[in-house]
Amino acid sequence: MPEIATISYPESKKNDEANSSHGNGNGVVQLNASQPENAAQNRPEWSNKLEFLMSCISMSVGLGNVWRFPFTAYENGGGAFLIPYLIVLFVIGRPLYYLEMALGQFTSRSSVKIWEVSPLFKGIGIGQLVGTTSVVSYYVSLIALTLHYIFASFASELPWATCKDNWADNCVDSSLVVNEMRDSNSTSGQKVSSSQIYFLDIVLKEKDSIDDGIGAPDWKLTLWLLLAWVVIFLVLVRGVKSSGKVAYFLAIFPYVVLIIILVRALTLEGAVDGVIFFIKPQWGELLNPKVWYSATTQLFFSLSVGMGSIIMFSSYNNFHHNIYRDAMIVTTLDTFTSLLGGMTIFSILGNLAHNLGIEDISKVVKSGTGLAFISYPDAIAKFDIVPQLFSVLFFFMLFVLGVGSAVALHGAIITAFWDAFPKRKYWHLALILSTIGFCTGLVYITPGGQWILDLVDHYGGTFLIYVLAIIEMVAIFWIYGLDNWCNDIEFMVQRRVGLYWRLCWGLITPLFMIAVFIYSLVEYKWPTYSGQQYPGEALICGIFVFIFGILQVLIWAVWTVTGDSTKESVWGKITKAAKPSSQWGPCTEHTRKAWLKYKEEAKSRRDDIIYAKNHSSIVRKLCVLFGMYDDFIQLDSTRL
């Protein structure tokens, strides 16, 4: 998509740069006396453009790529999952990612404050905080597990490599590489790898049922959880000043280790069968709405769309930063990493099936967290040379991936509170919220913790965030208006909004998401854990998280309408609340004036065309959708 040659607002950009240069030497913009006082005016900026890009990569490329993506593909037929995943990337993932990145940069505000664009929908931002909090609460518990494995890897022999005397009779050593040797380790029952027994029985002490409760937190995992939260707090303690510097390592290091593991995994016997299972599509599954829903929700989790973290990161950008380029880089790299992680884990699963004598790869191990903490350790145990070194590197990679995403998610929560309470010190809020996060995370390191993790992930981490994203799309493009948003984007990035983006934002993406959601409701089945039903009390708790998040939209809509003291009718107040408030738009005074002038000129040109050609309402909407009002913006070159 070609760039616009010149848009007439150089004064705006020059003033933005001047405002940035008047900082305190640490990238913090000083409050201009002529500007209204708000947190956005004092907002720090990234030290350079690369810090922002690396932070976005470390956020989107995380445990979701090597933990959640493989087991989601595993549960949905392997290769059958790839085609829907790639399709939803282009019709949902990229449009949403670009939208949220632009929202944060355009307003320099958090995921809650951006809803000055339509105060009636402020509850979307609050509800997203509920979903993000749900994800962070269990996400850090996974980081705690990686810490346990890191330090366990320093033993003279990997503790999961061989079966112990008091383990199950059907245990088979994970260190075995010769198929015939498996019979010497097991005499009865279906064989289970030692890495699986170690994870479920030794580390998690997992319960077969939570009908009698989830049990008490494990004291060792409690210490690892505490360490994980301390690390996250230290990275976030100074906001983007500290997290931006760490982002380089968080974004680059995982690829080095992942490629090493993949090369080794592909040399194992049976690995080819696993790769074929991963890439070979089962065409019949394309008609299964569950697969499409799983692909869509996985994309949400992987890219972190709908969680506020993208908006938070981009809110620290310079107003005219080229986010179009960054959005394309991050979404492409995220998908590449998911495929890389999938190739790695399915080659390992193929080897597991080979060693255990199981023909059906889909029955090798339990789905869920176990794929990352069973399959990967199993492959590492087969390394001939210093498996401890590779184990430390691998789990440190998982730790780095987890911290990168957790920093972004938790940072989004902190920033939302900081925007609401700008007089509080950032590190005070970070400390308070990190402490709350640690206390909440204790539930996931109990014997029934993985049961709760899957339940919270289902209702709070996917279902809630997905529904709120649909409402977000409707509010921006059908209430605020596609035409208004495209004008805002073009003013900010000096780039014409192409047909692909207009069609996706205005029509394809919201309708596709609504269709997938409706089908998922029609085919809805109660969630299970490893094939077992949840007790009714647990399901009620999960549903409560979802309803509580959704109700935020209604509660804050009512609050906004009833808070209007004018004598207008109820419908008049609703209509007024749906329109942008006086706080919507760029945060700096000069940029805001240039933007308002630009919008007024664009509206004037559009109206001239509409009245001159006597366009009907339907024709006007089609013209906006297909970008046929090119004369809205004054160009110094020919029309695109």
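It should be noted that the structure appears before, not after, this text.
Residues numbered from 1 in each chain as written. Predicted model: local features only at pLDDT ≥ 70, side-chain atom pairs only at ≥ 80, totals over all residues. Heavy atoms only, no water.

### Description of the nonpolar core
If you look at the biggest cluster of nonpolar residues, it comprises 198 residues, and the most contacted ones within it are Tyr97, Trp485 and Trp505. Counting residues per element, this core draws most heavily on helix α16 (residues 449-493), which supplies 26 residues. When neighbours within four sequence positions are excluded, Trp505 is seen to be in contact with Pro95, Tyr98, Leu99, Met473, Phe477, Leu482, Trp485, Val497 and Pro510. (Core = buried A, V, L, I, M, F, W, Y, C linked by side-chain atoms within 4.5 Å. Buried < 20%, exposed > 50% of the residue type's maximum accessible area, 1.4 Å probe, protein only. Helix = DSSP H or I, 4+ residues; strand = E, 2+ residues; numbered from the N terminus. Contact = heavy atoms within 4.5 Å.)

### Here's the deal with the packing of helix α4 (residues 79-107) against helix α10 (residues 289-303)
The geometry of α4 relative to α10 is characterised by a closest axis approach of 8 Å and an angle of 50° between their N-to-C directions. When the axes of α4 and α10 are compared, the pair comes out oblique. Where α4 crosses over α10, the handedness of that crossing is right-handed. On α10, the residues that touch Ala80, Phe81, Pro84, Tyr85, Ile87, Val88, Leu89, Ile92, Gly93, Leu96 and Tyr97 of α4 are Val291, Trp292, Ser294, Ala295, Thr296, Gln298, Leu299, Phe300, Ser302 and Leu303. Among the residues making up the contact of α4 with α10, the classes are represented as 16 nonpolar, 5 polar and no charged. (Axes fitted to C-alpha atoms, helices over the stretch in contact; angles between N-to-C directions. Parallel < 35°, antiparallel > 145°, perpendicular 65-115°, else oblique. Left-handed = near helix turned anticlockwise from the far one by under 90°. Nonpolar A, V, L, I, M, F, W, Y, C, P; charged D, E, K, R; others polar.)

### Some details on the environment of Gly437
With respect to the helices and strands, the residue Gly437 is situated in helix α15 (residues 426-441). Gly437 sits 297 residues away from Val140 along the chain, and the two C-alpha atoms are 8.6 Å apart.

### Notes on the side chain of Thr296
Position of Thr296 among the secondary structure elements: in helix α10. A polar contact of 2.8 Å, which involves the side chain of Thr296, links it to the backbone oxygen of Trp292. (Polar contact = N/O pair within 3.5 Å; in protein donor to acceptor, adjacent residues only side chain to side chain.)

### Observations regarding helix α14 (residues 387-420)
Between its terminal C-alpha atoms α14 stretches 49 Å, which fits the 50 Å expected from 34 residues at 1.5 Å a residue. Within α14, 27 of the 34 residues are buried, leaving the element largely enclosed by the surrounding structure. (Expected span 1.5 Å × (residues − 1).)

Everything listed here is a matter of coordinates, which is why it stays silent on function.
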